[in-house]
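Coordinate analysis (summary)
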Amino acid sequence: MSEDRQGRILHLQRLSTEDGPGIRTTVFFKGCPLRCAWCHNPESISPRPEVQWLETRCIGCQTCLGACPTGCLQATPQGVHIDRERCTGCGLCTEACPGGALELLGRTVTVDGLVDELLKDRTYYQASGGGVTASGGEPAMQPAFVAALFERLKASAVSTALDTCGLAAPRALARILPHADMVLFDLKEIDASRHRAFTGQDNEAILGALRSVGDYVAGNASSPRLWIRTPLIPGATASRENLEGLGAWIAAHLDGLVERWELCAFNNLCRDKYRRLGMEWQFTTAPLLTGGELSRWAEIARESGVPPEIVIATGATRPDEMPASMEGMNDQDKAGHVLG
């Protein structure tokens, strides 16, 4: 089977309204070159298949132990322990488990099979102005497959969107862009050293890739729409310096090319994913932003040099409340406390 006819994905998210306009199906790809400290999809980081154990489904039969060819599973008082150094992701334990308590994360699919599945939702796409989004992980790590997938979808009149972290080879993006109707480009942190501390890589190549995408958008009559997405992470990307710096960069390098700059509120619903994968997560106890905080970050972004109307703040928030440490402050001091 040729390279451009198979790829490795995690799963499909149907009826999605968060990864581009309209109702969409998001294809989550396996493998990412970044190691973002706040990653909401830690199961997408490794390109290899991985096994997770779901305790609520386990019936304690220990059938999986005998099915594992590497002996990486162990029954403990806390449940099934997976030695991830020895696990090859073969999936034999998941096939043997009668309760579905072991799941294989990552499967190989063909373009033909995936297109057939995605076209089942074509009516939703057409009625809502939606389509299919390739997300991850990082889809551009599998450029031949994504390009072939997008080409087939567009031939069936289905809109396509690439959701990328930006750390992608120029030739990979060049292969995909002609078949993409939209690019959702993550821009996380403007300071290179902080970007490396948070993600494991600095941002030089990412900013270079975004400039290339901007040049492509500016130079092609049928170019894709460009959205920028920035996660608002407490103690990390959610700072005045970062948003002002990102806005100034967008204004200087992408003037008139960005349709939307989306500020995505921190989401902590991934905590159980880390636990099931045996991973620590430094944001386990971090709270959601309040509605007021999200609004204030959006205002800072709107005043950073970009057209104010392109800034959109999205995501779940918690009710506004006044921490005890803010009691007695005047309004100016409160704002400074919140915005840090």
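This is a predicted model, so every value here is computed, not measured.

Now for the pattern of salt bridges. With the rule as written, the count across this model stands at 20 salt bridges. Note that Arg275 is salt-bridged to Glu55, the shortest N-O span being 2.7 Å. Taken together, the residues Arg275 in helix H10 (residues 271-276) and Glu55 in the loop between strand E3 (50-53) and helix H1 (63-67) connect sequence positions 220 residues apart. Owing to a relative accessible area of 45%, Arg275 belongs among the partly exposed residues under this scheme. Using a relative accessible area of 43% as the deciding quantity, one classes Glu55 as partly exposed. With its nearest N and O atoms 2.6 Å apart, the salt bridge here joins Glu259 to Arg225. With Glu259 in the loop between helix H9 (240-253) and strand E12 (260-265) and Arg225 in strand E11 (residues 225-232), this pair connects stretches of sequence that are 34 residues apart. For Arg225, a relative accessible area of 36% corresponds to the partly exposed category. Connected via shared salt-bridge partners are Asp19, Asp163, Arg229, Arg260 and Glu262.

Next up on the list: H9. With 14 residues, H9 extends 20 Å from end C-alpha to end C-alpha; this agrees with the ideal 20 Å at 1.5 Å per step. The set of residues buried in H9 consists of Asn242, Leu243, Leu246, Gly247, Trp249 and Ile250. All buried residues of H9 project into a common sector of 160° when viewed along the axis, lining one side. In H9, the exposed positions that point more than 90 degrees away from the buried face belong to Glu241 and Ala252. Buried residues along H9 sit in contact with helix H8 (204-219), E11, E12 and helix H11 (291-302).

Let's shift gears to the packing of helix H3 (residues 111-118) against helix H5 (residues 143-155). Where H3 meets H5, the axes come as close as 10 Å, and the angle between the chain directions of the two elements is 45°. The orientation of H3 with respect to H5, classified from their angle, is oblique. As H3 runs across H5, the sense of the crossing is right-handed. Across from Val111, Asp112, Leu114, Val115 and Leu118 in H3, the residues of H5 making contact are Phe145, Ala148, Leu149, Arg152 and Leu153.

Further remarks concern the pairing of strand E1 (residues 6-16). In terms of strand pairing, E1 meets strand E7 (residues 107-110) through four bridges, oriented antiparallel. Looking at E7, one finds that Arg8 is bridged to Thr108. In this structure, E1 lies alongside strand E2 (residues 24-29), joined through five bridges in antiparallel fashion. Along E2, the bridge assignment pairs Ser16 with Arg24.

Low-pLDDT stretches of the model should not have their predicted coordinates read in fine detail. For the chain, the mean per-residue pLDDT works out to 92, and 93% of the residues sit at or above 70. Ignoring residues within four places in sequence, the model shows residues 324-340, a span with pLDDT below 50, making 15 contacts including any to other chains.

Right, let's get into the sheet that holds E1. Taking strand neighbours across the sheet as the criterion, the nine strands line up as E7-E1-E2-E8-E9-E10-E11-E12-E13 in an open arrangement whose pairing is mixed. Either end of the sheet is taken by a strand with one partner, and the two such strands are E7 and strand E13 (311-314). Going across the sheet, the axis of each strand differs from the next one's by a mean of 30°, ignoring polarity. The strands that H5 touches are E1, E2, E7, strand E8 (131-135) and strand E9 (159-164); relative to E9, the one it contacts most, it runs at about 155°. Relative to strand E10 (residues 182-186), H8 is tilted by about 160°, and along the sheet it contacts E10 and E11.

Tallied over the full model, the rule gives six aromatic pairs. Both rings, one in Trp281 and one in Phe283, keep their centres 6.0 Å apart while their planes meet at 55°; by these two values the pair is tilted. An identical accessibility class is assigned to Trp281 and Phe283; each is buried. Among the aromatic side chains, those forming a connected cluster through ring pairs are Phe266, Tyr274, Trp281 and Phe283.

Along the polypeptide, Asn41 turns up in the loop between E2 and E3. Taking the relative accessible area as the measure of exposure, Asn41 reaches 16% and is therefore buried. Here Gly136 takes part through its backbone oxygen, which lies 3.5 Å from a polar atom of the side chain of Asn41. If we skip the residues at most four places from it in the chain, Asn41 touches Phe28, Gly136 and Lys273.

Here we come to the environment of Lys273. Within the secondary structure, Lys273 is located in helix H10. Considered as a pair, Lys273 and Lys120 are 153 residues apart in the sequence and their alpha carbons are 29 Å apart. Not counting the four nearest positions on each side in its chain, Lys273 is found in contact with His40, Asn41, Pro42 and Glu43.

What counts as what
- Residues numbered from 1 in each chain as written.
- Predicted model: local features only at pLDDT ≥ 70, side-chain atom pairs only at ≥ 80, totals over all residues.
- Heavy atoms only, no water.
- Salt bridge = Lys/Arg side-chain N within 4 Å of Asp/Glu carboxyl O.
- Helix = DSSP H or I, 4+ residues; strand = E, 2+ residues; numbered from the N terminus.
- Buried < 20%, exposed > 50% of the residue type's maximum accessible area, 1.4 Å probe, protein only.
- Expected span 1.5 Å × (residues − 1).
- Arc of directions from axis to C-beta.
- Contact = heavy atoms within 4.5 Å.
- Axes fitted to C-alpha atoms, helices over the stretch in contact; angles between N-to-C directions.
- Parallel < 35°, antiparallel > 145°, perpendicular 65-115°, else oblique.
- Left-handed = near helix turned anticlockwise from the far one by under 90°.
- Pairing = 2+ DSSP bridges.
- pLDDT = per-residue confidence, 0-100.
- Phe/Tyr/Trp six-rings, centres within 6.5 Å; stacked < 30°, edge-to-face > 60°.
- Polar contact = N/O pair within 3.5 Å; in protein donor to acceptor, adjacent residues only side chain to side chain.

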